[in-house]
Amino acid sequence: MTTVNVNNTEHTFEKALNAKELLAHLNISANGVAVALNNSVLPKSKWEEPLDNNANILIIKATQGG
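Residues numbered from 1 in each chain as written. Predicted model: local features only at pLDDT ≥ 70, side-chain atom pairs only at ≥ 80, totals over all residues. Heavy atoms only, no water.

Novice: Explanation requested: the sheet that holds strand β4 (residues 40-41) in the structure shown.
Specialist: For sheets, the rule is that strands pair by backbone hydrogen bonds, running either parallel or antiparallel. Sheet architecture is open: five strands sit in the order β2-β1-β5-β3-β4, paired in mixed fashion. Of all strands in the sheet, those bounded by a partner on one side alone are β2 (9-13) and β4. Relative to strand β5 (residues 55-61), strand β1 (residues 2-6) runs parallel, the two sharing three bridges. The residue bridging valine 4 from the neighbouring strand is alanine 55, located in β5. (Pairing = 2+ DSSP bridges. Helix = DSSP H or I, 4+ residues; strand = E, 2+ residues; numbered from the N terminus.)

Below, the structure written as structure tokens:
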């Protein structure tokens, strides 16, 4: 079991996920999204690396405005 905190909400999974899998599980499109892992921006090149148990994830969606 792996537990991660996503935007201050705890989620538990059967196996370790990577950021790409986490976004898919949460039904969040990867377009226009930034992911921070333990208060550091996670580059898209590292989105396929497994997330550690008890990781703190912040997902930010870009919005359009004017």
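Okay, back to it.
Novice: Honestly, the pairing of strand β3 (residues 33-37) in this entry has me stumped. Any pointers?
Specialist: The two faces of the sheet receive side chains in turn, since in a regular strand these alternate between them. Note: β3 against β5, five bridges, orientation antiparallel. Opposite alanine 34, over in β5, you have isoleucine 60 as the bridge partner. Where β3 meets β4, two bridges bridge the pair, whose relative direction is antiparallel. Within β4, the position partnered with alanine 36 by the bridge is valine 41.

Novice: How do you make sense of empty space enclosed by the protein when you look at a structure like this?
Specialist: One way to see where empty space is left: roll a probe the size of a water molecule over the atoms. Considering all chains together, one arrives at one cavity of 30 Å³ or more under this definition. For the largest cavity, the calculated volume is near 30 Å³. Every residue along the wall of the largest cavity is listed here: Thr2, Val4, Phe13, Lys15, Ala16, Leu17, Leu22 and Leu51. (1 Å grid on protein atoms, 1.4 Å probe; cavity = no way out; pocket = protein on both sides within 12 Å on 5 of 7 lines; lining within 4 Å. Points joined across faces, edges and corners; volume = space filled by probe spheres on them.)

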